[in-house]
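Coordinate inspection notes
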Amino acid sequence: MIKNDLFLKALRGETVERPPVWMMRQAGRYLPEFMALKEKYDFFTRCRTPELAAEITVQPIDIIGPDAAILFSDILVIPQAMNIEVEMKNGVGPWLPNPIRSQKDVDQVVVPDIQEELGYVMDAITLTKEMLDNRVPLIGFAGSPWTILCYAVQGQGSKNFDIAKGFCFSQPEAAHNLLQKITDTTIAYLKAKVATGVNAVQVFDSWGGMLSPVDYQEFSWKYIQQIVDALKDETEVIVFGKGCWFALQDMAKSGASALGVDWTCSARNARYLTGGNITLQGNFDPSRLLSPIPDIKKMVNQMITDFGKDKYVANLGHGILPNIPVDHARAFVDAVKEYRG
Ligand code: CP3
């Protein structure tokens, strides 16, 4: 039994004494302990070595005390396992030397055997569960098929993912073939994570907001819905679509346990669009963690009041930034823990 199950209670919509809290990218570069390991091991070595991934996952639990852990890994281990080369370049970020640009390229992409290609993630989960010793639940995650396509086609991060969008709009058949392969892999991957012991999964649609509402349905949501359908009877599913407030209404009907919201959407609007009945997660502006601690605490209190303490998971509206002081991150977590509504 998990000792602190506030997070799972909130995902199930149960009444809680206070909302649970965790931070997207909570295992990251703002922690000196993380930087010490980053100096010694390159990115994918950290992902592929269960002892390192587990240690990094547990660091924020020990240091800032959130109510859930998220496995240290990356959404890009999926394209890697699908025969798409992915590097992580310091100062550049993800770098894919052979991006997908045609149906011929899509034909080279495989739907892999999960245990064979991503068994190291399962080993990391097993070890992390041991180290957590049931203190808090463990979240597993994957990128949305659209967000993975963005990197697979663009070849690197981008302000507008213009090449990825161009590929979808000029070669829709090839794009859909690729999206379906990613979806099939992601479903098998998340099911394996659940079988290995994660207590919830989050789908990150970080670049969903690049699409118009109509294109979002065709190139992103359709595939996320397949993932939710496949997982919802086995675990709690959270869908986070950055910039995707326009899709919240459909997302609320999907069978997901919770929906992530970024800071550009007010709590009131998110509750209105989702019908008030589904758990919402978010949405503190990550840059607001640069405010003085008393301001952070006030703003967190207001955020909880705006969302309501139930059916709510306090979080940032996107990943924590590397320049956030550790005591400000801890103040964010503490402010939620101190909330008494
Ligand atoms: O949340 C956590 O603490 C778990 C770890 C996690 C990482 N990546 C570790 C990481 C998670 C959940 C991710 C997901 C991820 N990866 C997303 C979706 C979430 C989001 O932020 O939108 C995306 C788009 C990626 C792709 C990716 N990986 C990018 C764009 C980068 C470079 C970021 C940068 O600012 O340099 C990465 C690298 C990465 N993944 C880092 C970490 C901690 C930083 C680099 C490093 O540690 O060497």
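Preceding block: the structure.
This section reports on the structure supplied with the text.

What counts and how
- Residues numbered from 1 in each chain as written.
- Predicted model: local features only at pLDDT ≥ 70, side-chain atom pairs only at ≥ 80, totals over all residues.
- Heavy atoms only, no water.
- Near = heavy atom within 4 Å.
- Polar contact = N/O pair within 3.5 Å; in protein donor to acceptor, adjacent residues only side chain to side chain.
- Areas by Shrake-Rupley, 256 points an atom, 1.4 Å probe, with all protein chains shown as cover.
- Helix = DSSP H or I, 4+ residues; strand = E, 2+ residues; numbered from the N terminus.
- Nonpolar A, V, L, I, M, F, W, Y, C, P; charged D, E, K, R; others polar.
- Buried < 20%, exposed > 50% of the residue type's maximum accessible area, 1.4 Å probe, protein only.
- Pairing = 2+ DSSP bridges.
- Right-handed = clockwise from strand over helix to strand, strands pointing away.
- Lys, Arg positive; Asp, Glu negative; His and termini not counted.
- Salt bridge = Lys/Arg side-chain N within 4 Å of Asp/Glu carboxyl O.
- Contact = heavy atoms within 4.5 Å.
- Phe/Tyr/Trp six-rings, centres within 6.5 Å; stacked < 30°, edge-to-face > 60°.
- Lys NZ or Arg CZ within 6 Å of the ring centre and 35° of its normal.
- Core = buried A, V, L, I, M, F, W, Y, C linked by side-chain atoms within 4.5 Å.
- Axes fitted to C-alpha atoms, helices over the stretch in contact; angles between N-to-C directions.
- Parallel < 35°, antiparallel > 145°, perpendicular 65-115°, else oblique.

Taken together, 22 residues are adjacent to the ligand, and R25, R29, D74, S206 and H318 come closest. Within the backbone of Q26, an N or O atom sits 3.1 Å from an oxygen atom of the ligand. Contact between the ligand and D74: a nitrogen atom at 2.7 Å from a side-chain N or O atom of the residue. Protein chains shield 88% of the accessible area of the ligand, which is 880 Å² for the free molecule. Listing elements by their share of the shell around the ligand, those giving two or more residues are α2 (32-40) and α3 (43-48). For the shell around the ligand, the class distribution of residues is 13 nonpolar, 4 polar and 5 charged.

Once that is clear, we can look at the pairing of strand β8 (residues 279-284). With 6 of 6 residues buried, β8 lies mostly within the body of the structure. Taken together, the 4 bridges between strand β7 (residues 258-261) and β8 define a ladder with parallel strand orientation. Bridge pairing in β8 links A258 to T279. For the crossover that starts at β7, traverses helix α13 (residues 267-274) and ends in the parallel β8, the hand is right-handed.

To continue, consider the side chain of R271. When you line up the elements, R271 lands in helix α13. D310 is the oppositely charged side chain nearest to the buried, salt-bridge-free R271, at an N-O distance of 8.6 Å. Looking at R271, its side chain comes within polar contact range of the main-chain oxygen of F307, at 3.0 Å. Look past the residues within four positions of R271 in its chain and what remains in contact with it is G276, I278, L280, F307, G308, D310, K311 and Y312.

In the structure shown here, the tally under the stated rule is 12 aromatic pairs. Arranged with centres 5.6 Å apart and planes meeting at 75 degrees, the rings of Y151 and F161 form a pair that is edge-to-face. Taken together, the residues Y151 in helix α8 (residues 145-154) and F161 in the loop between α8 and α9 (162-170) connect sequence positions 10 residues apart. Take Y151 and F161: they sit in the same class, and that class is buried. A network of ring pairs unites the aromatic residues F34, F43, F44 and F72 as a single cluster. Between K89 and the ring centre of W95, over which it is positioned, the NZ or CZ distance is 4.4 Å. Here K193 stacks its cationic end above the ring of F141, 4.8 Å away from the centre of that ring.

Moving on, we get to the nonpolar core. In terms of nonpolar packing, the biggest core is built from 129 residues, with F7, L149, Y189 and F332 touching the most fellow members. Considering each element in turn, this core owes the most residues, 10 residues, to helix α10 (residues 172-196). The residues contacting L149, other than those within four sequence positions of it, are Q154, A164, F167, C168, A175, L178, L179 and I182.

Once that is clear, we can look at the packing of α8 against α9. The packing of two helices is summarised by the inter-axis angle and the distance between the axes. Look at α8 against α9: their axes get within 8 Å of each other, and the N-to-C directions meet at 105 degrees. With respect to α9, the axis of α8 lies roughly perpendicular. Touching W146, L149, C150, V153 and Q154 of α8 are D162, I163, A164, K165, F167 and C168, all from α9.

To continue, consider the sheet that holds strand β5 (residues 200-205). Spatially, β1-β4-β5-β6-β7-β8-β9 is the arrangement adopted by the 7 strands of the open sheet, whose pairing is parallel. In this open sheet, the two strands that pair with only one neighbour each are β1 (69-70) and β9 (312-316). Direction of pairing for β5 relative to strand β6 (residues 236-241): parallel, over a ladder of 6 bridges. When the bridges of β6 are listed, D205 appears paired with G241.

As a further point, take the pattern of salt bridges. When their charged atoms lie close together, side chains carrying opposite charge are able to pair. Counted by the stated rule, this structure contains 8 salt bridges. Two residues, R18 and D67, come together in a salt bridge whose shortest N-O distance is 2.8 Å. Here D67 lies in the loop between α4 (50-63) and β1 and R18 lies in the loop between α1 (6-11) and α2, a separation of 49 residues in the sequence. The partner of E338 in a salt bridge is K297, and the shortest N-O contact between them spans 3.3 Å. Here K297 lies in helix α14 (residues 293-307) and E338 lies in the segment after α15 (326-337), a separation of 41 residues in the sequence.

Moving on: the pairing of β5. Here β5 lies mainly inside the structure; 6 of its 6 residues are buried. Where burial is concerned, the two faces of β5 agree: the one with A200, Q202 and F204 and the one with V201, V203 and D205 are both buried. Pairing geometry for strand β4 (residues 138-143) and β5, over 5 bridges, is parallel. Pairing of F141 across the sheet is with Q202, part of β5. Chirality of the crossover, the property in question, places the unit of β5, helix α11 (residues 213-231) and β6 among those that are right-handed.

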